[in-house]
Amino acid sequence: MNIKAPIRWILPAVLALAFFGCRRESSPSSSQELLQLPVIAALNAPPGTVVLAQGQLEPAAGVIPIVAPVGDRLESIDVDEGSPVTVGKELATLAGAALRQAELAVAETQLAEGKLQSTAQLATAKAKLEVARIGVTKNEMQLTEARATLQRASAEGGELDLLQRKAALATEKLNQLRVAAAEPDSRRLVNESVVQQQELVVEAALAELDAAQRNGQSAVEAASLLVEASKAELNAAELQIESTSALAPLGSLEKKVDLLRLQVSSSKLKSPINGVVVAIDMAPGQPTTGMPVMRLADTSKMICRVEVPLAEIARVSLQAPVKMVASGLSEPLSGKVASISNIIGPPRLPNPNPMAQVDWRSALIIVEIDPQDAPRAAKIIQGQVDVGILAGKE
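Residues numbered from 1 in each chain as written. Predicted model: local features only at pLDDT ≥ 70, side-chain atom pairs only at ≥ 80, totals over all residues. Heavy atoms only, no water.

K.L.:
How do you make sense of the overall build of the chain when you look at a structure like this?
P.N.:
Of the regular secondary structure elements, the chain holds 9 helices and 13 strands. Within the chain, the proportion of its 394 residues that are buried is 34%. At a minimum sequence separation of 6, the contacts of the chain that also span at least 24 residues come to 77%. When the accessible surface of the chain is summed, it comes to about 23,900 Å², and 58% of that surface belongs to carbon and sulfur atoms. (Helix = DSSP H or I, 4+ residues; strand = E, 2+ residues; numbered from the N terminus. Buried < 20%, exposed > 50% of the residue type's maximum accessible area, 1.4 Å probe, protein only. Contact = heavy atoms within 4.5 Å. Areas by Shrake-Rupley, 256 points an atom, 1.4 Å probe, with all protein chains shown as cover.)

In structure tokens, the structure reads:
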């Protein structure tokens, strides 16, 4: 009988039983506790009172990427990693800055010249307008005077009144002479030549009266025409002022200057925050492709984003003490639970324990790191840490 075959099958079976027996005795949580004893020790609490999790260190306001416009080239970087920055500090310069600055100078010169030209044209138009207004006033006064002169001449005792009387008297005398010339008794005293002479006198008086009337009326009409002409000039001057303002290309030039100023400003990458340069991702000479040139952060306030297993989240309470350890930290970091998210999802941070579950769900909590520990946390931004949270009662 061959006993080697049963022995060959018995040995693997024994090893499997031993392996699965160990798995039953050592749960994922206990294995995780064994791997994270420094966290438990930092909290100085029994293992059963500590919620273990994985977290990532970040600035409270996040890491801010500084991105340059696509299609340019990085001319220079004016800061170093770790350099403190303030709002508005120049961080880097693009190659297109010099060209855009020159275009801006030309546009600003054109705008200044346009403003001077527009001002001169407007001043000329206003002067013409004032002259036209004076002309209207002068001609209106002349019209008023012509009408008054005609009215005075037509009034009793006036020039026209006297001429009318003179013509009337001459006409009356002419009629009397004609009557006398027709009567037998007086015919020898009034001959035909006397009557003709008086007719000439009457014609002269009527002609003089007509001429005076025409002159007076002509003066009024001429003054009226001058008023209309001066009003037309006034209207033309007003339209010239409007057209001067409308046709001047100042609006488009101002928009062009604003655009170029914006382009010049975008050619100088400036800090939007008070903080530090945490990373420089490009070197001078490289083309801009939309990727960050550098990254900034305000590291005065640091947090830890912690993924807590769903089964343990009920044991976590606000303001609970927290300890964080990592290989890059000489001493544990301290903090407190600041917020607990209600959104549940799969964990994103890898667990260093190879025996840990991979199909569990987690909730995100935010831990505020104590201010005195923030400088040390800022040295490993986005670094993964082992987290221990002093648990409350379940």
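K.L.:
I keep staring at the environment of Ala207 and nothing clicks. Help me out?
P.N.:
With respect to the helices, strands and loops of the structure, Ala207 is situated in helix α7 (residues 192-247). The class of Ala207 is partly exposed, set by a relative accessible area of 44%. Spatially, the C-alpha atoms of Ala207 and Ala167 are 9.0 Å apart, while their sequence positions differ by 40 residues.

K.L.:
Please explain the sheet that holds strand β4 (residues 84-85) as it appears in this structure.
P.N.:
Sheets are built from strands paired through backbone hydrogen bonds, the pairs being either parallel or antiparallel. What the 4 strands build is an open sheet, ordered β2-β8-β7-β4; its pairing is antiparallel. Two strands lie at the open edges of the sheet, namely β2 (63-67) and β4, each paired on one side alone. (Pairing = 2+ DSSP bridges.)

K.L.:
Hey, could you run me through unusual backbone geometry in this one?
P.N.:
The general pattern is negative phi for most residues beyond glycine and trans for most peptide bonds. Although it is not a glycine, Asn44 sits at a positive phi angle of roughly 55°. Looking at the secondary structure, you find Asn44 in the loop between α3 (37-43) and β1 (50-59). You will see that Gln382, though not glycine, has its phi angle at about 70°, which is positive. As for its placement among the helices and strands, Gln382 is situated in the loop between α9 (374-377) and β13 (384-390). For Gln382, a relative accessible area of 43% corresponds to the partly exposed category.

K.L.:
Please clarify how the nonpolar core should be interpreted in this entry.
P.N.:
A general feature of soluble globular proteins is that nonpolar side chains tend to end up buried together. Among the nonpolar cores identified, the biggest contains 25 residues, and Val308, Met324, Ile365 and Ile389 are the most heavily contacted of them. Going through the elements one at a time, β1, β9 (302-309), β10 (321-325), β11 (333-345), β12 (362-369), α9 and β13 are the ones with two or more residues in this core. Excluding residues within four positions of it along the chain, Met324 makes contact with Leu57, Cys304, Leu329, Pro332, Leu333, Ser334, Gly335, Val367, Ile369, Val385, Asp386 and Val387. Counting residues in each nonpolar core, the second largest holds 15 residues, with Leu269, Ile273, Met282 and Met294 among its members. (Core = buried A, V, L, I, M, F, W, Y, C linked by side-chain atoms within 4.5 Å.)

K.L.:
What is the right way to read the side chain of Glu307 from this model?
P.N.:
Relative to the assigned elements, Glu307 resides in strand β9. Among buried Asp, Glu, Lys and Arg side chains, Glu307 stands out as unpaired, with Arg348 the closest opposite charge at 4.0 Å. Within the structure, the side chain of Glu307 is placed 2.8 Å from the backbone nitrogen of Arg348, a separation counted as a polar contact. (Lys, Arg positive; Asp, Glu negative; His and termini not counted. Salt bridge = Lys/Arg side-chain N within 4 Å of Asp/Glu carboxyl O. Polar contact = N/O pair within 3.5 Å; in protein donor to acceptor, adjacent residues only side chain to side chain.)

K.L.:
What is the right way to read the sheet that holds β9 from this model?
P.N.:
Strands sit in the order β1-β9-β12-β11-β10-β13 around a closed barrel of 6 strands; the barrel is antiparallel. Pairs of neighbouring strands in the sheet enclose a mean axial angle of 40°, with direction left out of account. As paired elements, β1 and β13 share 7 bridges and run antiparallel to each other. Across the sheet, the residue bridging to Val50 is Leu390, located in β13. (Axes fitted to C-alpha atoms, helices over the stretch in contact; angles between N-to-C directions.)

K.L.:
How should helix α5 (residues 159-182) be read in this particular structure?
P.N.:
Along an α-helix, residues three or four apart share an orientation, since each turn contains 3.6 residues. A rise of 1.5 Å per residue sets the reference length of α5, with its 24 residues, at 34 Å; its end C-alpha atoms lie 35 Å apart and thus fit the reference within 8%. Listed in full, the buried residues belonging to α5 are Leu160, Asp161, Leu163, Ala167, Ala170, Leu174, Leu177, Ala180 and Ala181. (Expected span 1.5 Å × (residues − 1).)

K.L.:
Sorry if this is basic, but what is going on with the pairing of strand β5 (residues 90-94) here?
P.N.:
Remember that side chains alternate between the two faces of the sheet whenever the strand is regular. For β5, the buried fraction is high: 4 of the 5 residues fall into the buried class. Two elements, strand β3 (residues 74-77) and β5, share 3 bridges in a ladder whose sense is antiparallel. Counterpart to Leu74 in the pairing with β5 is Leu94. Here β5 pairs with strand β6 (residues 268-270) via 3 bridges, running antiparallel. In the sheet register, Glu90 faces β6, and the bridge partner there is Lys270.

K.L.:
It is not clear to me how the pattern of salt bridges should be interpreted in this structure. Could you clarify?
P.N.:
When the charged atoms of two side chains with opposite charge come close together, those side chains can pair. Counted under the stated rule, the structure contains 13 salt bridges. For Arg152, the salt bridge goes to Glu145, with nearest N and O atoms at 3.2 Å. Residue classification places Glu145 among the partly exposed positions, given a relative accessible area of 44%. Note that Lys301 and Glu368 form a salt bridge whose closest N and O atoms lie 3.9 Å from each other. Residue Lys301 is found in the loop between β8 (292-297) and β9, and its partner Glu368 is found in strand β12; the two are separated by 67 residues along the sequence. What emerges from the salt-bridge pattern is a single network uniting Glu156, Asp161 and Arg165.

K.L.:
Just to check I follow, could you spell out the environment of Asn274 for this structure?
P.N.:
Residue position: Asn274 is located in the loop between β6 and β7 (275-280). Asn274 gets classed as partly exposed once you look at its relative accessible area, which sits at 46%. In this structure, the C-alpha to C-alpha distance between Asn274 and Val85, residues 189 residues apart in sequence, is 5.6 Å. Polar side-chain contacts of Asn274 include one of 2.9 Å to the backbone nitrogen of Val87.

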